[in-house]
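Chains, contacts and geometry: an overview
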Amino acid sequence: MANTIQRDSYVHSYEKKLIEANQKYWAGTPAVLDGRQWIYVLHGIPYELEFTVTEDLIAKGLQTRLKLPVISVTCKVKRETTDQLDSSFGFKEKVFLDSDAYISSARKIKADIAARQTAEATYGSKKKLIQIKYKNIECGNSIYDEIIRSNTGRYFDCFDISFEAYYQFIKSAFIVIEKAYQIFGRRKPAYIITTECDYEKGLFAGVAVFMGAQLVISSPDYASVDTVLQISPGQALFKDIMLGDLLRRNIEIYLEKNAVKNAVKNTVKETEKETEKENPNYFILKTEEQPQNNILEQIGIKNNKKNVFIMLHALSDEVREAYRHNIYADYNEWYVDTLRIIKQIDDVNWIIKDHPMSRFFHQEDYIRSVFEKNKKEHMYWCDRKISGMQIKEAADCVITCAGDVGIEYWAYGIPTITVSKAYYCNWGISYNLETLQEYENTLKNIKNIPSPKAESIKRAQACLSAFHEMSKSSDAFASLVMDMRRLILNYLKNGNFEYGYVFHMFCQKYIDLLNTSGLKSSSVFQLNNIHEV
């Protein structure tokens, strides 16, 4: 994303105003009294202003209470204002993960030798790659995701790269771990704050947790920004905690705290008011452009067979660290093998729909080409812009690896199939298949799959209603961040990366909060909603 966001003087001028106002607001805050332990702020998404501000605000809240010094952790290739923003909060100490200044020659040599040996032992085997561990830190999933993400649009299999390139990815991960141990050896971590604790940079957080630090995670979604999650020291972060666990925990917290008995009813009323329909919209991503003609006619279906929709993922987006996979190593592997299976099953209509963010992840051409190579008469293509509500009217079953659609269509009484542990699988939502044989047999008998039970449908509805309610915080700062993330998401869905207006809006409203002292009363600063994962 960093290379595609357009920044001009117009955007910079508002960021400059924000930094100046922020520095004035926090001037004269109490001096740090204890330097034996440190708070680390890991800016994993430094290109997005709202993430950086949220992480810094949490750090400032912790510092105010604990009187501990703060170190910001980022990379040199970052949003240009990140350094200045950290400084405006009073955080002068900095660490750059992509700089050799934070690692000794001896550690670099050790990491290099270990990486070469590990690459030789694992190249070509996804199973061995996933199991890579270095100095007590399990890092196979992080390396896997880094390889796929770094080559988005060029290929979607982690072993389409050369051995030398593969070795360099492992070496880079091992060096991050070595850097973390060296940095923490000098300045012991008490807390590490971040929004994203995955990919290679997340290994830095993993070492901190292993060494006894509390990991504090701000919500990466546009919902529940005022809820902060905490992972206790010593947990095997990259083995036991996945991104999906964080979303599940946020929803559970909301349900526990608010006892949303009437959430479904209220959501229906709100949706009726907005759309003048009696159909609630539970879909998390709402497609803006909706063709008016009949969806089956548009797809080209003229028979009365049952319609099974295969809803694709963003193939390079956290393929290993989002969910636990039962059968396939990644989303692309699932897609390709699912086509292999359904080619031989012609008693239903199989409809392939690409992910709404396909253009952003540069996978449109690849997905379509794989489909065309495997296409049979009973297989159809569905445009990514067609809405979930339209598909709902035609679908008899929906298949996903672990996507939101697994709970969304279930909430409408439509059976869904998953092959990875999505955040909703623990609630008994979706038919979660565990073996390849079970998956193949289920697809062969797909037209006989039972509908979800009423109690399970209500559970899905309550959870999705909670998700939507979570995005309506009364907290002014959280509400501002949610609004910004929603706007950015809409830009990205359409492949538009020039959203200077959104940054302008955020800066102006943030300054307004500074002028009304709204920040110090915010839940994010006060840490009113901090919960254990």
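Just above, that's the structure.
Residues numbered from 1 in each chain as written. Predicted model: local features only at pLDDT ≥ 70, side-chain atom pairs only at ≥ 80, totals over all residues. Heavy atoms only, no water.

**Points about the nonpolar core**
Counting residues in hydrophobic clusters, the biggest one holds 134 residues, and the most contacted among them are F309 and W350. With 13 residues, helix α7 (residues 163–186) is the single largest residue contributor to this core. Counting 49 residues, the second largest nonpolar core, distinct from the first, contains Y25, I39, F477 and F525. (Core = buried A, V, L, I, M, F, W, Y, C linked by side-chain atoms within 4.5 Å. Buried < 20%, exposed > 50% of the residue type's maximum accessible area, 1.4 Å probe, protein only. Helix = DSSP H or I, 4+ residues; strand = E, 2+ residues; numbered from the N terminus.)

**With respect to the pairing of strand β1 (residues 37–42)**
With five of its six residues buried, β1 lies for the most part within the structure. As paired strands, β1 and strand β6 (residues 188–194) are joined by six bridges and run parallel to one another. Paired with V41 across the bridge in β6 is I193. Bridge count for β1 against strand β2 (residues 70–74) is four bridges, and the pairing is parallel. In the sheet register, Y40 faces β2, and the bridge partner there is I71. Where the polypeptide runs from β1 across helix α2 (residues 49–66) and back to β2, its parallel neighbour, the crossover connection is right-handed. (Pairing = 2+ DSSP bridges. Right-handed = clockwise from strand over helix to strand, strands pointing away.)

**Section: the pattern of salt bridges**
The final tally for this structure, using the stated rule, is 27 salt bridges. One salt bridge in this structure joins R116 and E164, with 3.0 Å as the shortest N-O distance. On the criterion of sequence distance, the pair formed by R116 in helix α4 (residues 105–122) and E164 in helix α7 is long-range, its members being 48 residues apart. Note that D330 and K126 form a salt bridge whose closest N and O atoms lie 3.2 Å from each other. Remark: K126 occurs in helix α5 (residues 126–130) and D330 occurs in the loop between β10 (324–325) and α13 (331–342); sequence separation between them is 204 residues. Here the residues in one salt-bridge network are D245, R248, R249, E252, E256 and R324, joined through shared partners. (Salt bridge = Lys/Arg side-chain N within 4 Å of Asp/Glu carboxyl O.)

**Some words on the pairing of β6**
For β6, a buried count of six out of seven residues is recorded, marking the element as mostly surrounded by other parts of the structure. Bridge count for β6 against strand β7 (residues 214–218) is four bridges, and the pairing is parallel. Bridge pairing in β7 places I192 opposite L215. Crossover handedness for the path β6 to helix α8 (residues 202–210) to β7: right-handed.

**Quick notes on the environment of Q37**
The topology assignment puts Q37 in strand β1. Q37 sits 176 residues away from A213 along the chain, and the two C-alpha atoms are 9.6 Å apart. Setting aside chain neighbours within four positions, we find Q37 in contact with L68, P69, K188 and A190. (Contact = heavy atoms within 4.5 Å.)

**Overview of the sheet that holds strand β17 (residues 530–532)**
Here seven strands make up an open sheet; going across it, the order is β3-β2-β1-β6-β7-β8-β17 and the pairing mixed. Bordering the open sheet on either side are β3 (93–96) and β17, each of which pairs with just one other strand. When strand polarity is set aside, the average angle formed by the axes of neighbouring strands in this sheet is 25°. Relative to strand β8 (residues 228–231), β7 is paired through four bridges, and the arrangement is antiparallel. Across the sheet, the residue bridging to I217 is L229, located in β8. Across the sheet, helix α10 (residues 243–258) touches β7, β8 and β17, and the angle it forms with β8 is around 120°. (Axes fitted to C-alpha atoms, helices over the stretch in contact; angles between N-to-C directions.)

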